[in-house]
Every structure is written in structure tokens, then in C-alpha cells.
Amino acid sequence: MLPEEIVAEKCGTVTVSVYKDKNNDSYFLIQSDSDEVVNVVEVIEDTLYLY
């Protein structure tokens, strides 16, 4: 389904930022702008923890 075909109300945005330190280790910062997407944030955090 194309985005223009979806009729829905946006409930939040999740942002994933990736950082690398001097040892080339990756770190992730996951932020949301709404409590309605907290479950999505938790799934992303759990998945990235395995990375």
C-alpha cells in the first residue's frame, strides 16, 4: 500500500540516532515524541541491543 493510500492519523515519531566512539563502537539513541509509540521504541531498543 502506498503512503498516499493510507487514511490514518499520525500518533508519533520515533527517531534513531547512531553514534560511533573513537574505538568504532556504535551507540544508539532512540527518542519518541509521543507516549503512544513507547511500545515501538521498546521493540527497536531490544532489537538494536542484539546488534
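Above this note sits the structure.
Since the structure is predicted, the reported quantities are computational estimates derived from the model, not experimental observations.

The rules behind these values
- Residues numbered from 1 in each chain as written.
- Predicted model: local features only at pLDDT ≥ 70, side-chain atom pairs only at ≥ 80, totals over all residues.
- Heavy atoms only, no water.
- Pairing = 2+ DSSP bridges.
- Helix = DSSP H or I, 4+ residues; strand = E, 2+ residues; numbered from the N terminus.
- Buried < 20%, exposed > 50% of the residue type's maximum accessible area, 1.4 Å probe, protein only.
- Contact = heavy atoms within 4.5 Å.
- Polar contact = N/O pair within 3.5 Å; in protein donor to acceptor, adjacent residues only side chain to side chain.
- Patch = residues over 30% accessible without salt bridge, like charges linked within 9 Å, V, L, I, M, F, W, Y side chains within 5 Å.
- Areas by Shrake-Rupley, 256 points an atom, 1.4 Å probe, with all protein chains shown as cover.
- Salt bridge = Lys/Arg side-chain N within 4 Å of Asp/Glu carboxyl O.

J.: When you look at the pairing of strand β1 (residues 14–20) in this model, what are you seeing that I'm missing?
T.: Walk down a regular strand and you will see the side chains alternate between the two sheet faces. Where β1 and strand β2 (residues 26–32) come together, seven bridges link them in antiparallel fashion. Looking across to β2, one finds that Lys-20 is bridged to Ser-26. The hairpin turn running from β1 into β2, its antiparallel successor, is five residues long, and Asn-24 in that turn takes a positive phi close to 70°.

J.: Would you take a moment to explain unusual backbone geometry for this structure?
T.: Of all residues except glycine, most have a negative phi; of all peptide bonds, most are trans. Phi is positive for Asn-24, close to 70°, though the residue is something other than glycine. Locating Asn-24 in the fold gives a position in the loop between β1 and β2.

J.: Can you walk me through the environment of Asp-33 in this structure?
T.: Mapped onto the fold, Asp-33 is located in the loop between β2 and α1 (38–49). We classify Asp-33 as exposed; its relative accessible area is 56%. Sequence separation between Asp-33 and Thr-13 is 20 residues; the distance between their C-alpha atoms is 5.8 Å. Sequence-distant contacts of Asp-33, defined by excluding residues within four places in its chain, comprise Gly-12 and Thr-13. A polar contact of 2.7 Å, which involves the side chain of Asp-33, links it to the backbone nitrogen of Thr-13.

J.: So what exactly am I meant to see when it comes to a nonpolar patch on the surface here?
T.: On the surface, a nonpolar cluster with roughly 320 Å² of combined accessible area is contributed by Tyr-19, Tyr-27 and Leu-29. Relative to the elements of secondary structure, Tyr-19 occurs in strand β1.

J.: Got a minute to help me understand the environment of Ile-30 in this structure?
T.: The topology assignment puts Ile-30 in strand β2. The exposure class of Ile-30 is buried, given its relative accessible area of 15%. Residues Ile-30 and Ile-44, spaced 14 residues apart in sequence, show a C-alpha to C-alpha distance of 7.9 Å. Contact partners of Ile-30, with chain neighbours within four places excluded, come to Val-14, Thr-15, Val-16, Val-41, Ile-44, Glu-45 and Leu-48.

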